Amino acid sequence: MISIPIPRLVIVSPCYNEEAILAYSARELTTLLERLIAAGKILPTSHVLYVNDGSRDRTWELIEELHRENHFIDGLCLAGNVGHQSAIMAGMMTARDFADAVVTIDADLQDDLGALEEMIDRYLEGYDIVYGVKVSRTADPLLKRTSALAFYRLQSAMGIRAIYNHADFRLMSRRALDALACYPERNLYLRGIIPQLGYASTTVDDVISERVAGESKYTLRKMLLLAVDGITSFTTRPISWIIGMGLLCLLISICMAVYVLVSYIEHLSVPGWASLMLSLWFIGSIVLLSLGVIGQYIGKIYIEIKQRPRYHIAQHLKHHD
Ligand code: UDP
Ligand code: MG
């Protein structure tokens, strides 16, 4: 088995109007870091990186204060509100310059800190990506829980590879972060991209608890936008459905042609009905098919324009540099 050196861990935590929870969050994460350092699982230079996502309250002032008092706390202030996904990306891309491993966790610490420790254990076993998978969501409101589960099902029905019941609580090694840096797309949906990186991954159980203070910053609108990105950024399957619909209509129009001709010959129809019926179904199917064909090209343009990398190298055995 490969032995992995003890990592310098950076905990990236996005904050949007989190003044009510920051002091608690910093206290908990500091205690955790101290414990992990004492246990010899992470290097003493490990720390927390709070990313202020354009908060309108005193979040950044509090991060500045915490940074002055506590050598475990660093801060990154974004110029405006860019949203949860981009805020995490900013934190990870900043941390990758000096971290061996990065864990992303929401500032409200609704995720399980015990699971964070397990993530380090999995990292030390050689995994590059460790996903926190929610095992109990009883602390989440019913609507959020059921809609999230329905969404995960829809995603897998559409052939998108994503981890069931995993939000953005995860550990990534530096090389996994380097691979992630090759995805230049703007409409970020990290839960879809990260499984595509291909590096060895595993999961740990994450028991969700209630928010200790403050309110959820994920409005229904933000949640829906994320869900739309989660589907449309990874599949052009809905376009194929249009072609399917066009073919179905063409089939119906052939059946209609037989039916209409029989009615016409038997004098069962009023004048004009036969030609109308035939053109209606035929033209409908041609329009749908044409749309589908155009859609296929647009889909290809969409995939190309994202400029995603074709592969990531896991190992390169060579004798000479
Ligand atoms: N967040 C952010 N930018 C936003 C919205 C949320 O950085 O525009 C952060 C927020 O501060 C928190 C995390 O994303 O650390 C998750 O948000 P929240 O806990 O409100 O969502 P929930 O747990 O209710 O899904
Ligand atoms: Mg939360």
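Residues numbered from 1 in each chain as written. Chains lettered and ligands numbered in written order. Predicted model: local features only at pLDDT ≥ 70, side-chain atom pairs only at ≥ 80, totals over all residues. Heavy atoms only, no water.

Per an unreviewed UniProt entry, the recorded name for the protein is Glycosyl transferase, and the organism is Porphyromonas pasteri. Per UniProt, the protein has the following entry under Subcellular location (unreviewed entry): "Membrane". (UniProt positions renumbered as here; feature names shortened; annotations may be inferred.)

## Thoughts on the site of ligand 1
Taken together, 18 residues lie near ligand 1, and Asp53, Asp108, Lys144, Ser216 and Lys217 sit nearest. Within the backbone of Ala107, an N or O atom sits 3.0 Å from an oxygen atom of ligand 1. Lys222 is positioned with one of its side-chain polar atoms (N or O) 2.7 Å from an oxygen atom of ligand 1. Protein chains bury 93% of the 530 Å² of accessible surface belonging to ligand 1 in isolation. Judged by the proximity of its atoms to the pocket grid, ligand 1 belongs to the largest pocket. Here the residues of the shell around ligand 1 sort into five nonpolar, five polar and eight charged. (Near = heavy atom within 4 Å. Polar contact = N/O pair within 3.5 Å; in protein donor to acceptor, adjacent residues only side chain to side chain. Areas by Shrake-Rupley, 256 points an atom, 1.4 Å probe, with all protein chains shown as cover. 1 Å grid on protein atoms, 1.4 Å probe; cavity = no way out; pocket = protein on both sides within 12 Å on 5 of 7 lines; lining within 4 Å. Sits in = over half its atoms within 2 Å of the grid points. Nonpolar A, V, L, I, M, F, W, Y, C, P; charged D, E, K, R; others polar.)

## Considering a nonpolar patch on the surface
Taken together, the side chains of Phe282, Ile283, Ile286, Val287 and Leu291 make up a nonpolar region of the molecular surface, amounting to roughly 450 Å² of accessible area. Looking at Phe282, the relative accessible area reads 44%, which means it is partly exposed. (Patch = residues over 30% accessible without salt bridge, like charges linked within 9 Å, V, L, I, M, F, W, Y side chains within 5 Å. Salt bridge = Lys/Arg side-chain N within 4 Å of Asp/Glu carboxyl O. Buried < 20%, exposed > 50% of the residue type's maximum accessible area, 1.4 Å probe, protein only.)

## Some thoughts on the sheet that holds strand β7 (residues 201–207)
Pairing is mixed across the open sheet formed by seven strands, whose spatial order is β3-β2-β1-β4-β6-β5-β7. Each edge of the open sheet is held by one strand with a lone partner, namely β3 (73–77) and β7. Averaged over all pairs of adjacent strands, the angle between their axes in this sheet comes to 25 degrees, without regard to strand direction. As judged from the four bridges shared by strand β5 (residues 129–136) and strand β6 (residues 166–173), these two strands associate in the antiparallel manner. Paired with Ile129 across the strands is Met172, a residue of β6. Contacting β1 (9–15), β2 (47–52) and β3, helix α1 (residues 22–38) crosses the sheet at an angle of about 155 degrees to β2. Sheet strands in contact with helix α7 (residues 190–197) are β5 and β6, and its direction is about 40 degrees off that of β6. (Pairing = 2+ DSSP bridges. Helix = DSSP H or I, 4+ residues; strand = E, 2+ residues; numbered from the N terminus. Axes fitted to C-alpha atoms, helices over the stretch in contact; angles between N-to-C directions. Contact = heavy atoms within 4.5 Å.)

## Focus on the UniProt feature "domain: Glycosyltransferase 2-like" (unreviewed entry) in the protein
The UniProt record annotates "domain: Glycosyltransferase 2-like" (unreviewed entry) at residues 11–179. Overall, residues 11–179 shows 44% helix and 21% strand. The separation of its end C-alpha atoms is 19 Å.

## Regarding unusual backbone geometry
Here the phi dihedral of Asn165 falls at roughly 65 degrees; this positive angle occurs in a residue that is not glycine. Along the chain, Asn165 turns up in the loop between α5 (142–157) and β6.

## Structural notes on the packing of α1 against helix α4 (residues 113–124)
Taken N-terminus to C-terminus, the directions of α1 and α4 make an angle of 35 degrees; their axes are 11 Å apart at the nearest point. Judged by the sense of rotation from one axis to the other, the crossing of α1 with α4 is right-handed. Counted together, Glu28, Leu29, Leu32, Arg35 and Leu36 of α1 and Leu113, Leu116, Glu117 and Ile120 of α4 form the full contact between these two elements. Per-class residue counts for the contact of α1 with α4 are six nonpolar, no polar and three charged. (Left-handed = near helix turned anticlockwise from the far one by under 90°.)

## A closer look at helix α9 (residues 237–265)
Taking 1.5 Å per residue as the helical rise, α9 with its 29 residues ought to reach 42 Å, and the 42 Å between its terminal C-alpha atoms agrees with that figure. Turning to α9, its buried residues number three or more, namely Ile239, Gly246, Cys249, Ser253, Met256, Val260 and Ser263. Turning to α9, the residues buried within the fold contact α10 (273–305). Immediately beyond the C-terminal end of α9, within one or two residues, lies His267, with a positive phi of roughly 60 degrees. (Expected span 1.5 Å × (residues − 1).)

## Re the pattern of salt bridges
Summed over the entire model, instances satisfying the criterion amount to 15 salt bridges. Residue Asp128 is joined to Arg175 by a salt bridge in which the shortest nitrogen-to-oxygen separation is 2.9 Å. Placement of the pair is Asp128 in the loop between α4 and β5 and Arg175 in helix α6 (residues 174–180), with a sequence separation of 47 residues. Overall, the relative accessible area of 6% leaves Asp128 in the buried class. Bridged by salt links that share partners, the residues Glu18, Asp108, Arg211 and Lys217 form one connected network.

## Concerning the pairing of strand β4 (residues 101–104)
Residues Ala101 and Val103 of β4 are buried on one face, and the alternating residues Val102 and Thr104, pointing to the opposite face, are buried as well. Pairing analysis gives four bridges linking β1 to β4, with the strands arranged parallel. Note on β4: the bridge partner recorded for Val10 is Val102. The pairing of β4 with β6 spans four bridges and is antiparallel. Its bridge partner lying in β6, Val103 is registered against Leu171.

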